[in-house]
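# Structural characterization, general
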Amino acid sequence: MKTVTFGNLKKQDYAMKESLRALKTNIQFCGDDIRTVVVTSAVPNEGKSTVTLDLARSLSESGKRVLLIDTDMRKSVYVGRLRAADSEGREIYGLSHFLSGQKRLEEVLYGTEVPGMFMIFAGPSVPNPTEILEKQYFEHLLKFGSEHFNYVLLDCAPIGAAIDAAVIAKHCDGAILVIAQGMASGRLIQTVKKQLEASGVRVLGAVLNKVKMKKSSYDKGYYGGYYGEY
């Protein structure tokens, strides 16, 4: 299997690890039938990709095999933000290569320097991401993921900006909303929740992100909370 290295994988501080532990525990208590989880937000820049990556790391560090799939083929951030590089210096292929039939699954699946965590990057931007997400290749990918990994986390485009998350969610076991403090209105959040529910997916809860904490010690307010169910 091909592997990638990260030139900018940030260290998690104590407050972040504690928040992630609570998030991970709540997901596990949602039931052992929750294996494929969509992570999305209402609007851009709420931190959904950071939350998805940190959750994948936390789950893998607890001994789980985790596959993180970046489905945001409109505005992917992982390769640039992590300074990801193929360990043998080759081009990094991604989901858009696979869904368009250009590459096989084994050519877009990467091991990482985090033991137990695997990734499929988004690949180049495409003009029709919703359309190619509805192809049988995507269902094949999710079937493969559920058979070979304990958890599959799917980072999706903000559902308030694109319908991709609802298209993906209908094939998944659960969905999590990332809500940054002060960014999306309550009405928009409720609309997004209803869009997800209309796809048939179980909305597991929400992560309150970018919370401004007043405590001065180790409580930096990265993840404000996880709510088990609405």
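Above: the structure in question.
Residues numbered from 1 in each chain as written. Predicted model: local features only at pLDDT ≥ 70, side-chain atom pairs only at ≥ 80, totals over all residues. Heavy atoms only, no water.

Below, the discussion takes up the pairing of strand S8 (residues 174-180). Counting buried positions along S8 gives seven out of seven residues, so the element sits mostly inside the fold. Residues Gly174, Ile176, Val178 and Ala180 point to one face of S8 and Ala175, Leu177 and Ile179 to the other, with burial holding for every one of them. Inspection of the sheet shows strand S2 (residues 36-41) paired to S8 by five bridges, in the parallel sense. The residue bridging Ser41 from the neighbouring strand is Val178, located in S8. Strand direction decides the pairing type here: S8 and strand S9 (residues 203-209), joined by six bridges, are parallel. (Buried < 20%, exposed > 50% of the residue type's maximum accessible area, 1.4 Å probe, protein only. Helix = DSSP H or I, 4+ residues; strand = E, 2+ residues; numbered from the N terminus. Pairing = 2+ DSSP bridges.)

Let's shift gears to unusual backbone geometry. At Asn45, a position not held by glycine, the phi torsion is positive, near 70 degrees. Among the structural elements, Asn45 can be located in the loop between S2 and helix H2 (48-61). Even without being a glycine, Arg83 presents a positive backbone phi close to 50 degrees. Along the polypeptide, Arg83 turns up in the loop between helix H3 (78-82) and strand S4 (84-86). Judged by its relative accessible area of 51%, Arg83 is exposed.

A few words on the packing of helix H1 (residues 14-28) against H2. Packing of H1 against H2 leaves a shortest axis separation of 10 Å and a crossing angle of 75 degrees. Compared by their axis directions, H1 and H2 come out roughly perpendicular. Counted together, Met16, Leu20, Leu23, Lys24, Ile27 and Gln28 of H1 and Val51, Asp54, Leu55, Ser58 and Leu59 of H2 form the full contact between these two elements. Counted by class, the contact of H1 with H2 contains seven nonpolar, two polar and two charged residues. (Axes fitted to C-alpha atoms, helices over the stretch in contact; angles between N-to-C directions. Parallel < 35°, antiparallel > 145°, perpendicular 65-115°, else oblique. Contact = heavy atoms within 4.5 Å. Nonpolar A, V, L, I, M, F, W, Y, C, P; charged D, E, K, R; others polar.)

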